[in-house]
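Residue-level structural notes
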Amino acid sequence: MKPLSSRTRELKQSGIRAVTQMVNKYNGINLGQGICDLPAPDPVKRGAIDAIKDDKSIYSYHSGIDELREHTARKFRDFNRIPCEAAKNVMITNGSTGAFIAACLATLEPGDEVIQFEPFYGYHVNLLKILGFKPVFVPMEDKTWNVNFEALEQAISPRTKAIVITNPGNPNGKVWSEQELTRLLKLLRKHELWAYTDEVYEYMTYDDNRHLSLASLPDAFERTITMSSFSKTYNMTGWRLGSAVGPEPVIEKMGLINDLIYICPPTPLQHGLDQAFTMPDSYFEKLSDDYNKKRTLFCDALREAGFVFEPPQGAYYVFASIERIHKEFGVPGFENDTTACETLIRESGIGTVPGSSFYSNPEDGKYYLRFCYAKEYDVLEDACERLRAFGRKIGHI
Ligand SMILES: Cc1ncc(COP(=O)(O)O)c(C=O)c1O
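Residues numbered from 1 in each chain as written. Predicted model: local features only at pLDDT ≥ 70, side-chain atom pairs only at ≥ 80, totals over all residues. Heavy atoms only, no water.

Some thoughts on the domain arrangement of the protein
As a reminder of what qualifies: Boundaries between domains were set according to an automatic or database domain assignment. Every residue pair with non-hydrogen atoms within 4.5 Å of one another is taken to be in contact. Take the accessible area each of two parts loses on contact, using a 1.4 Å probe, and add the two losses: that sum is the buried area. By salt bridge we mean one thing: a side-chain nitrogen of Lys or Arg within 4 Å of a carboxyl oxygen of Asp or Glu. The term polar contact refers here to a pair of N or O atoms within 3.5 Å; inside protein, the definition further demands a hydrogen-donor-capable atom paired with an acceptor-capable atom, and it admits residues adjacent in sequence only when both atoms are side-chain atoms. Secondary structure follows DSSP: runs of H or I at least 4 residues long count as helices, runs of E at least 2 residues long count as strands, and numbering of each begins at the N terminus.
Assigned domains within the protein: domain 1 (6-40 + 282-393) and domain 2 (42-278). One C-alpha centre belongs to domain 1, the other to domain 2, and the line joining them spans 25 Å. Each side of the interface is counted separately: domain 1 has 34 residues, and domain 2 has 33 residues. Counting the surface lost from both domain 1 and domain 2, the interface buries some 3100 Å², and carbon and sulfur atoms represent 55% of this. Linking domain 1 with domain 2 are 2 salt bridges, by the criterion used here. Between Glu-10 and Lys-129 there is a salt bridge, with the nearest N and O atoms lying 3.8 Å from each other. Linking domain 1 to domain 2 there are 17 residue pairs in polar contact (both at pLDDT 80 or more). Mapped onto the side of domain 1 that touches domain 2, the elements with two or more residues apiece are α11 (281-304), β9 (317-321) and β12 (368-372). Considering every element that reaches the side of domain 1 that touches domain 2, the biggest residue donor is α11, with 6 residues.

A closer look at the packing of aromatic side chains
Rule in force here: Each pair of aromatic rings taken from Phe, Tyr and Trp, with Trp reduced to its six-membered ring, is defined by centres within 6.5 Å and is described as stacked if the planes are under 30 degrees apart, edge-to-face if over 60, and tilted in the remaining cases. Exposure classes here rest on a 1.4 Å probe applied to the protein chains alone. A residue is buried below 20% of its type maximum, exposed above 50%, and partly exposed in between. Charge-over-ring contacts are defined here by two conditions on Lys NZ or Arg CZ: a distance within 6 Å of the ring centre and an angle within 35 degrees of the ring normal.
Using the criterion set out here, one finds 25 aromatic pairs in the structure. Between Phe-319 and Tyr-368, the ring centres sit 4.5 Å apart and the planes meet at 5°, which makes this aromatic pair stacked. Of this pair, Phe-319 sits in strand β9 while Tyr-368 is found in strand β12, placing the two residues 49 residues apart along the sequence. We note that Phe-319, like Tyr-368, is buried. Aromatic rings pair up to connect Phe-79, Tyr-203, Phe-230, Tyr-234, Phe-277, Tyr-283 and Phe-284 into one cluster. Taking the ring centre of Trp-176 as reference, the NZ or CZ of Lys-174 above it sits at 5.3 Å.

Focus on the nonpolar core
Note that soluble globular proteins tend to have their nonpolar side chains buried in a common cluster. Let me state the cut-off plainly: As used here, the term nonpolar core means buried Ala, Val, Leu, Ile, Met, Phe, Trp, Tyr and Cys residues forming a set that is joined through side-chain atoms within 4.5 Å.
Membership of the largest hydrophobic core comes to 61 residues, with the highest contact counts inside it found for Tyr-291, Phe-298, Leu-302, Phe-307, Tyr-316, Phe-334 and Phe-371. Elements represented by at least two residues in this core include exactly α1 (15-25), α2 (42-53), α11, β9, α13 (337-348), β12 and α14 (377-393). For this core, the leading source of residues is α11, giving 7 residues. The residues that make up this core include at least three from each of domain 1 (6-40 + 282-393) and domain 2 (42-278). Not counting the four nearest positions on each side in its chain, Tyr-291 is found in contact with Cys-36, Leu-38, Met-204, Tyr-206, Asn-235, Tyr-316, Tyr-373 and Ala-374. Grouped together as the second largest cluster of nonpolar side chains are 29 residues, Met-140, Trp-145, Leu-214 and Tyr-368 included.

What about the site of the ligand?
Rules: Each residue is tested against the molecule or strand, and it is near if at least one of its non-hydrogen atoms lies within 4 Å. In this description, accessible areas are obtained by the Shrake-Rupley approach with a 1.4 Å probe, and a residue is regarded as covered only by the protein chains that are shown.
Within the structure, the ligand sits among 14 residues, and Thr-97, Asp-198, Tyr-201, Ser-229 and Ser-231 are positioned closest to it. At 2.5 Å, a side-chain N or O of Thr-97 approaches an oxygen atom of the ligand. Asn-170 is positioned such that a nitrogen or oxygen atom in its side chain is 2.8 Å from an oxygen atom of the ligand. Across the complex, the protein chains shield 92% of the 400 Å² of accessible surface that the ligand would expose by itself. Here the shell around the ligand gets 3 residues from one element, more than from any other, and that element is helix α5 (residues 95-107).

Dropping the structure here:
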(Lines give C-alpha, C1' and ligand atoms only; values in the text may rest on other atoms or scores of the structure.)
Protein backbone atom coordinates (compact mmCIF):
# COMPACT_ATOMS: atom_id res chain seq x y z
CA MET A 1 0.00 0.00 0.00
CA LYS A 2 1.25 3.50 -0.77
CA PRO A 3 1.91 5.62 2.36
CA LEU A 4 -0.52 7.98 4.05
CA SER A 5 -0.18 11.65 3.19
CA SER A 6 2.93 13.34 4.53
CA ARG A 7 0.78 16.14 5.95
CA THR A 8 -0.56 13.71 8.57
CA ARG A 9 2.87 12.48 9.63
CA GLU A 10 3.21 14.79 12.64
CA LEU A 11 -0.47 14.57 13.58
CA LYS A 12 -1.25 12.71 16.77
CA GLN A 13 -4.03 12.61 19.33
CA SER A 14 -3.47 15.46 21.77
CA GLY A 15 -2.43 14.52 25.29
CA ILE A 16 -5.74 15.91 26.56
CA ARG A 17 -7.48 12.59 25.91
CA ALA A 18 -4.86 10.67 27.91
CA VAL A 19 -5.36 13.15 30.76
CA THR A 20 -9.14 12.57 30.59
CA GLN A 21 -8.64 8.81 30.83
CA MET A 22 -6.31 9.17 33.81
CA VAL A 23 -8.67 11.61 35.56
CA ASN A 24 -11.53 9.13 35.13
CA LYS A 25 -9.38 6.34 36.53
CA TYR A 26 -8.75 8.39 39.70
CA ASN A 27 -12.37 9.54 39.85
CA GLY A 28 -11.13 13.12 39.66
CA ILE A 29 -12.11 16.47 38.12
CA ASN A 30 -10.99 17.37 34.64
CA LEU A 31 -9.84 20.99 34.50
CA GLY A 32 -7.83 20.16 31.39
CA GLN A 33 -10.21 20.27 28.48
CA GLY A 34 -11.50 23.73 27.55
CA ILE A 35 -15.16 22.81 27.67
CA CYS A 36 -17.69 24.17 30.08
CA ASP A 37 -20.23 21.91 31.72
CA LEU A 38 -23.01 24.53 31.88
CA PRO A 39 -26.31 23.99 30.02
CA ALA A 40 -27.15 25.69 26.71
CA PRO A 41 -29.97 28.29 27.03
CA ASP A 42 -33.52 26.84 26.97
CA PRO A 43 -34.86 29.01 24.10
CA VAL A 44 -31.98 27.82 21.92
CA LYS A 45 -32.65 24.16 22.74
CA ARG A 46 -36.40 24.57 22.15
CA GLY A 47 -35.71 26.40 18.87
CA ALA A 48 -33.61 23.51 17.57
CA ILE A 49 -36.19 20.91 18.65
CA ASP A 50 -38.95 22.88 16.89
CA ALA A 51 -36.82 23.21 13.75
CA ILE A 52 -36.23 19.45 13.68
CA LYS A 53 -39.95 18.77 14.22
CA ASP A 54 -40.79 21.25 11.46
CA ASP A 55 -38.40 19.45 9.08
CA LYS A 56 -36.02 22.35 8.64
CA SER A 57 -33.61 19.68 7.63
CA ILE A 58 -32.27 20.63 4.24
CA TYR A 59 -29.01 22.41 3.35
CA SER A 60 -29.07 26.11 4.05
CA TYR A 61 -27.21 28.79 2.11
CA HIS A 62 -23.48 28.11 2.59
CA SER A 63 -23.05 31.21 4.72
CA GLY A 64 -26.06 30.58 6.91
CA ILE A 65 -29.79 31.36 7.12
CA ASP A 66 -30.74 35.00 6.50
CA GLU A 67 -32.27 35.80 9.89
CA LEU A 68 -29.27 34.44 11.80
CA ARG A 69 -26.85 36.40 9.62
CA GLU A 70 -28.90 39.56 10.21
CA HIS A 71 -28.89 39.05 13.97
CA THR A 72 -25.20 38.20 13.99
CA ALA A 73 -24.42 41.32 11.93
CA ARG A 74 -26.33 43.42 14.47
CA LYS A 75 -24.29 41.85 17.28
CA PHE A 76 -21.03 42.59 15.39
CA ARG A 77 -22.14 46.22 14.98
CA ASP A 78 -23.45 46.76 18.53
CA PHE A 79 -21.07 44.71 20.68
CA ASN A 80 -17.89 44.60 18.58
CA ARG A 81 -18.36 48.05 16.97
CA ILE A 82 -17.45 46.55 13.60
CA PRO A 83 -19.20 48.28 10.69
CA CYS A 84 -20.81 45.55 8.58
CA GLU A 85 -23.79 44.44 6.50
CA ALA A 86 -25.21 40.95 6.91
CA ALA A 87 -25.39 40.04 3.23
CA LYS A 88 -21.93 41.35 2.33
CA ASN A 89 -19.69 40.95 5.33
CA VAL A 90 -21.08 38.29 7.68
CA MET A 91 -21.19 34.52 7.51
CA ILE A 92 -22.27 31.76 9.85
CA THR A 93 -19.52 29.15 10.05
CA ASN A 94 -19.01 25.64 11.33
CA GLY A 95 -17.57 26.89 14.59
CA SER A 96 -14.83 29.50 14.69
CA THR A 97 -12.63 26.58 13.64
CA GLY A 98 -14.51 26.43 10.33
CA ALA A 99 -14.05 30.20 10.01
CA PHE A 100 -10.29 29.86 10.56
CA ILE A 101 -9.95 27.17 7.87
CA ALA A 102 -11.99 29.24 5.41
CA ALA A 103 -9.98 32.40 6.24
CA CYS A 104 -6.66 30.64 5.62
CA LEU A 105 -7.79 29.02 2.38
CA ALA A 106 -9.28 32.29 1.12
CA THR A 107 -6.15 34.37 1.72
CA LEU A 108 -3.00 32.18 1.69
CA GLU A 109 -0.85 30.53 -0.99
CA PRO A 110 0.95 27.23 -0.27
CA GLY A 111 4.07 27.91 1.80
CA ASP A 112 2.94 31.35 3.00
CA GLU A 113 4.02 32.30 6.50
CA VAL A 114 1.57 33.21 9.25
CA ILE A 115 2.74 34.76 12.52
CA GLN A 116 1.55 33.04 15.63
CA PHE A 117 2.19 34.32 19.15
CA GLU A 118 3.32 31.85 21.83
CA PRO A 119 1.85 30.39 23.96
CA PHE A 120 -0.64 29.54 21.20
CA TYR A 121 -3.99 27.82 20.72
CA GLY A 122 -2.91 24.52 19.17
CA TYR A 123 -5.67 24.19 16.57
CA HIS A 124 -4.45 27.33 14.79
CA VAL A 125 -0.92 25.98 14.49
CA ASN A 126 -1.85 22.43 13.54
CA LEU A 127 -4.42 23.58 10.99
CA LEU A 128 -1.89 25.90 9.36
CA LYS A 129 0.52 22.98 9.12
CA ILE A 130 -1.86 20.44 7.61
CA LEU A 131 -3.19 23.01 5.17
CA GLY A 132 0.37 23.57 3.89
CA PHE A 133 1.06 26.98 5.44
CA LYS A 134 3.95 27.87 7.73
CA PRO A 135 3.44 29.13 11.27
CA VAL A 136 6.24 31.46 12.42
CA PHE A 137 6.40 31.87 16.18
CA VAL A 138 6.83 35.05 18.20
CA PRO A 139 7.00 34.54 21.97
CA MET A 140 5.05 36.81 24.30
CA GLU A 141 6.93 37.95 27.40
CA ASP A 142 6.84 35.24 30.04
CA LYS A 143 4.14 35.72 32.73
CA THR A 144 3.08 39.27 31.68
CA TRP A 145 2.28 38.17 28.11
CA ASN A 146 3.31 41.57 26.78
CA VAL A 147 4.04 41.69 23.06
CA ASN A 148 7.57 42.46 21.94
CA PHE A 149 6.81 44.52 18.82
CA GLU A 150 10.46 44.63 17.75
CA ALA A 151 10.59 40.81 17.77
CA LEU A 152 7.28 40.77 15.93
CA GLU A 153 8.59 43.03 13.16
CA GLN A 154 11.77 40.97 12.87
CA ALA A 155 9.71 37.83 12.33
CA ILE A 156 7.95 39.35 9.31
CA SER A 157 9.47 38.14 6.01
CA PRO A 158 8.48 38.63 2.37
CA ARG A 159 6.50 35.35 2.66
CA THR A 160 4.47 36.57 5.67
CA LYS A 161 0.84 37.10 4.78
CA ALA A 162 -1.07 37.16 8.05
CA ILE A 163 -0.88 37.46 11.82
CA VAL A 164 -3.15 35.49 14.16
CA ILE A 165 -4.26 37.01 17.42
CA THR A 166 -6.39 35.26 20.00
CA ASN A 167 -8.12 37.93 22.05
CA PRO A 168 -8.88 37.05 24.85
CA GLY A 169 -6.13 34.47 24.76
CA ASN A 170 -6.09 30.77 25.36
CA PRO A 171 -4.13 29.57 27.34
CA ASN A 172 -2.84 32.81 28.93
CA GLY A 173 -6.05 34.87 29.24
CA LYS A 174 -4.41 37.90 27.62
CA VAL A 175 -6.74 40.73 26.61
CA TRP A 176 -5.18 43.01 24.00
CA SER A 177 -5.23 46.71 24.96
CA GLU A 178 -6.17 49.49 22.54
CA GLN A 179 -2.55 50.62 22.52
CA GLU A 180 -1.32 47.14 21.55
CA LEU A 181 -3.96 46.73 18.86
CA THR A 182 -3.05 50.15 17.44
CA ARG A 183 0.64 49.19 17.25
CA LEU A 184 -0.28 45.89 15.65
CA LEU A 185 -2.44 47.67 13.08
CA LYS A 186 0.47 49.95 12.17
CA LEU A 187 2.57 46.89 11.36
CA LEU A 188 -0.25 45.26 9.41
CA ARG A 189 -0.54 48.41 7.29
CA LYS A 190 3.19 48.81 6.82
CA HIS A 191 3.68 45.20 5.66
CA GLU A 192 0.26 44.82 3.97
CA LEU A 193 -0.74 41.84 6.09
CA TRP A 194 -4.04 40.22 7.02
CA ALA A 195 -5.09 39.76 10.64
CA TYR A 196 -7.13 36.76 11.70
CA THR A 197 -8.59 37.56 15.10
CA ASP A 198 -10.02 34.76 17.21
CA GLU A 199 -12.50 36.37 19.60
CA VAL A 200 -14.35 33.34 20.92
CA TYR A 201 -13.99 34.49 24.56
CA GLU A 202 -15.12 38.08 23.84
CA TYR A 203 -17.76 38.11 26.62
CA MET A 204 -15.35 36.87 29.30
CA THR A 205 -13.15 39.72 30.53
CA TYR A 206 -12.20 40.77 34.06
CA ASP A 207 -11.28 43.85 36.11
CA ASP A 208 -10.59 46.85 33.86
CA ASN A 209 -9.91 44.74 30.81
CA ARG A 210 -12.47 45.43 28.09
CA HIS A 211 -12.78 43.44 24.92
CA LEU A 212 -11.87 45.49 21.89
CA SER A 213 -12.09 44.11 18.35
CA LEU A 214 -9.17 45.00 16.12
CA ALA A 215 -11.59 45.48 13.20
CA SER A 216 -13.33 48.32 15.07
CA LEU A 217 -10.22 50.54 14.85
CA PRO A 218 -10.07 53.05 11.99
CA ASP A 219 -8.81 51.44 8.73
CA ALA A 220 -8.55 48.00 10.33
CA PHE A 221 -11.70 46.46 8.85
CA GLU A 222 -10.34 46.07 5.32
CA ARG A 223 -7.47 43.85 6.49
CA THR A 224 -9.09 41.92 9.35
CA ILE A 225 -11.08 38.70 9.44
CA THR A 226 -12.81 38.53 12.81
CA MET A 227 -13.80 35.05 13.95
CA SER A 228 -16.29 34.52 16.71
CA SER A 229 -18.10 31.56 18.18
CA PHE A 230 -21.39 30.66 19.80
CA SER A 231 -19.68 27.67 21.48
CA LYS A 232 -18.47 29.46 24.60
CA THR A 233 -21.03 32.27 24.91
CA TYR A 234 -23.99 29.88 24.94
CA ASN A 235 -22.32 26.67 26.23
CA MET A 236 -22.83 24.79 22.99
CA THR A 237 -19.37 23.64 21.92
CA GLY A 238 -20.77 20.52 20.25
CA TRP A 239 -23.25 22.38 18.02
CA ARG A 240 -20.36 23.61 15.85
CA LEU A 241 -21.61 27.10 15.12
CA GLY A 242 -19.54 30.26 14.82
CA SER A 243 -19.35 33.37 12.68
CA ALA A 244 -16.97 35.58 10.75
CA VAL A 245 -17.02 39.19 9.64
CA GLY A 246 -14.72 40.83 7.13
CA PRO A 247 -14.42 42.66 3.82
CA GLU A 248 -16.91 41.56 1.16
CA PRO A 249 -14.47 39.93 -1.32
CA VAL A 250 -12.91 37.69 1.33
CA ILE A 251 -16.22 36.76 2.98
CA GLU A 252 -17.57 35.83 -0.44
CA LYS A 253 -14.64 33.45 -1.05
CA MET A 254 -14.83 32.09 2.51
CA GLY A 255 -18.50 31.27 1.84
CA LEU A 256 -17.55 29.30 -1.28
CA ILE A 257 -14.90 27.41 0.68
CA ASN A 258 -17.41 26.69 3.43
CA ASP A 259 -19.70 25.32 0.73
CA LEU A 260 -17.00 22.90 -0.47
CA ILE A 261 -15.94 21.68 2.94
CA TYR A 262 -19.20 21.62 4.90
CA ILE A 263 -21.90 22.70 2.37
CA CYS A 264 -23.47 24.65 5.23
CA PRO A 265 -23.62 24.94 8.99
CA PRO A 266 -26.22 22.47 10.45
CA THR A 267 -29.61 23.94 9.44
CA PRO A 268 -31.90 23.04 12.38
CA LEU A 269 -29.22 24.11 14.84
CA GLN A 270 -28.94 27.48 13.10
CA HIS A 271 -32.69 27.96 13.66
CA GLY A 272 -32.25 27.04 17.31
CA LEU A 273 -29.28 29.36 17.71
CA ASP A 274 -31.28 32.25 16.25
CA GLN A 275 -33.33 32.17 19.47
CA ALA A 276 -30.18 33.21 21.38
CA PHE A 277 -30.79 36.70 20.07
CA THR A 278 -33.94 36.89 22.19
CA MET A 279 -31.81 36.58 25.34
CA PRO A 280 -32.00 39.70 27.53
CA ASP A 281 -28.93 41.74 28.54
CA SER A 282 -29.16 40.09 31.95
CA TYR A 283 -27.93 36.85 30.33
CA PHE A 284 -24.58 38.49 29.56
CA GLU A 285 -24.46 40.25 32.94
CA LYS A 286 -24.94 36.91 34.69
CA LEU A 287 -22.37 35.22 32.46
CA SER A 288 -19.84 37.90 33.32
CA ASP A 289 -20.69 37.84 37.07
CA ASP A 290 -20.41 34.07 37.23
CA TYR A 291 -17.05 33.91 35.49
CA ASN A 292 -15.76 36.73 37.67
CA LYS A 293 -16.76 34.81 40.82
CA LYS A 294 -15.32 31.56 39.51
CA ARG A 295 -12.06 33.24 38.57
CA THR A 296 -11.64 34.67 42.09
CA LEU A 297 -12.60 31.40 43.76
CA PHE A 298 -10.25 29.38 41.62
CA CYS A 299 -7.28 31.78 41.60
CA ASP A 300 -7.37 31.98 45.42
CA ALA A 301 -7.24 28.19 45.75
CA LEU A 302 -4.53 27.83 43.12
CA ARG A 303 -2.37 30.44 44.84
CA GLU A 304 -2.85 28.68 48.16
CA ALA A 305 -1.71 25.46 46.52
CA GLY A 306 1.62 27.11 45.67
CA PHE A 307 1.20 27.84 41.94
CA VAL A 308 2.46 31.18 40.57
CA PHE A 309 0.53 33.09 37.88
CA GLU A 310 -0.97 36.39 36.75
CA PRO A 311 -4.78 36.16 37.07
CA PRO A 312 -6.28 35.91 33.57
CA GLN A 313 -7.55 39.16 32.03
CA GLY A 314 -10.09 37.23 29.96
CA ALA A 315 -11.30 33.76 28.84
CA TYR A 316 -11.53 31.02 31.51
CA TYR A 317 -8.10 29.49 31.89
CA VAL A 318 -5.23 29.97 34.31
CA PHE A 319 -1.77 29.32 32.89
CA ALA A 320 0.17 28.68 36.08
CA SER A 321 3.83 28.08 36.80
CA ILE A 322 4.98 25.01 38.76
CA GLU A 323 8.56 26.27 38.99
CA ARG A 324 8.30 27.31 42.64
CA ILE A 325 6.65 24.02 43.66
CA HIS A 326 9.56 22.20 42.01
CA LYS A 327 12.51 24.42 42.92
CA GLU A 328 11.54 26.03 46.25
CA PHE A 329 9.33 23.35 47.79
CA GLY A 330 11.16 20.44 46.13
CA VAL A 331 7.91 18.50 45.63
CA PRO A 332 8.67 15.17 43.90
CA GLY A 333 6.97 14.72 40.53
CA PHE A 334 7.00 18.44 39.68
CA GLU A 335 10.20 18.37 37.61
CA ASN A 336 8.34 19.28 34.43
CA ASP A 337 4.83 19.86 33.06
CA THR A 338 4.21 16.24 32.04
CA THR A 339 5.25 14.73 35.37
CA ALA A 340 3.43 17.53 37.25
CA CYS A 341 0.25 16.85 35.29
CA GLU A 342 0.40 13.14 36.20
CA THR A 343 1.35 13.82 39.82
CA LEU A 344 -1.52 16.28 40.32
CA ILE A 345 -4.01 13.72 39.00
CA ARG A 346 -2.60 10.99 41.25
CA GLU A 347 -2.32 13.19 44.36
CA SER A 348 -5.47 15.33 43.99
CA GLY A 349 -7.51 13.98 41.10
CA ILE A 350 -7.15 17.30 39.22
CA GLY A 351 -6.62 17.08 35.46
CA THR A 352 -4.73 19.87 33.62
CA VAL A 353 -3.01 20.40 30.27
CA PRO A 354 0.82 20.34 30.24
CA GLY A 355 2.25 23.74 29.23
CA SER A 356 4.51 22.35 26.50
CA SER A 357 1.41 21.78 24.32
CA PHE A 358 1.24 25.54 23.80
CA TYR A 359 4.78 26.15 22.51
CA SER A 360 6.73 25.24 19.37
CA ASN A 361 9.71 24.42 21.60
CA PRO A 362 8.27 22.20 24.37
CA GLU A 363 11.04 23.36 26.75
CA ASP A 364 9.43 26.83 26.87
CA GLY A 365 6.29 25.42 28.47
CA LYS A 366 7.88 22.86 30.76
CA TYR A 367 7.05 24.77 33.95
CA TYR A 368 3.42 25.51 33.07
CA LEU A 369 0.06 23.81 33.51
CA ARG A 370 -3.24 25.09 32.11
CA PHE A 371 -6.34 24.93 34.31
CA CYS A 372 -9.89 25.57 33.01
CA TYR A 373 -12.37 26.93 35.57
CA ALA A 374 -15.52 26.86 33.39
CA LYS A 375 -17.24 24.40 35.72
CA GLU A 376 -20.46 24.26 37.69
CA TYR A 377 -19.96 25.82 41.16
CA ASP A 378 -20.12 22.55 43.11
CA VAL A 379 -17.52 20.92 40.86
CA LEU A 380 -15.30 23.98 41.04
CA GLU A 381 -15.56 24.15 44.82
CA ASP A 382 -14.60 20.49 45.06
CA ALA A 383 -11.59 21.19 42.80
CA CYS A 384 -10.58 24.18 44.97
CA GLU A 385 -10.78 22.07 48.12
CA ARG A 386 -8.60 19.40 46.50
CA LEU A 387 -6.04 22.07 45.53
CA ARG A 388 -5.99 23.48 49.07
CA ALA A 389 -5.50 19.97 50.44
CA PHE A 390 -2.57 19.63 48.04
CA GLY A 391 -1.16 22.93 49.38
CA ARG A 392 -1.43 21.63 52.95
CA LYS A 393 0.22 18.35 51.99
CA ILE A 394 3.26 20.03 50.44
CA GLY A 395 3.47 22.33 53.46
CA HIS A 396 2.61 25.51 51.56
CA ILE A 397 -0.44 26.38 53.72
C1 LIG B 1 -9.04 30.20 21.30
C2 LIG B 1 -10.05 29.25 20.79
N3 LIG B 1 -10.50 29.38 19.54
C4 LIG B 1 -11.42 28.54 19.03
C5 LIG B 1 -11.93 27.50 19.78
C6 LIG B 1 -12.94 26.58 19.16
O7 LIG B 1 -14.07 27.32 18.84
P8 LIG B 1 -15.28 26.68 18.02
O9 LIG B 1 -15.97 25.70 18.92
O10 LIG B 1 -16.14 27.85 17.69
O11 LIG B 1 -14.71 26.03 16.81
C12 LIG B 1 -11.48 27.31 21.09
C13 LIG B 1 -11.98 26.18 21.90
O14 LIG B 1 -11.47 25.84 22.93
C15 LIG B 1 -10.52 28.20 21.60
O16 LIG B 1 -10.05 28.07 22.85
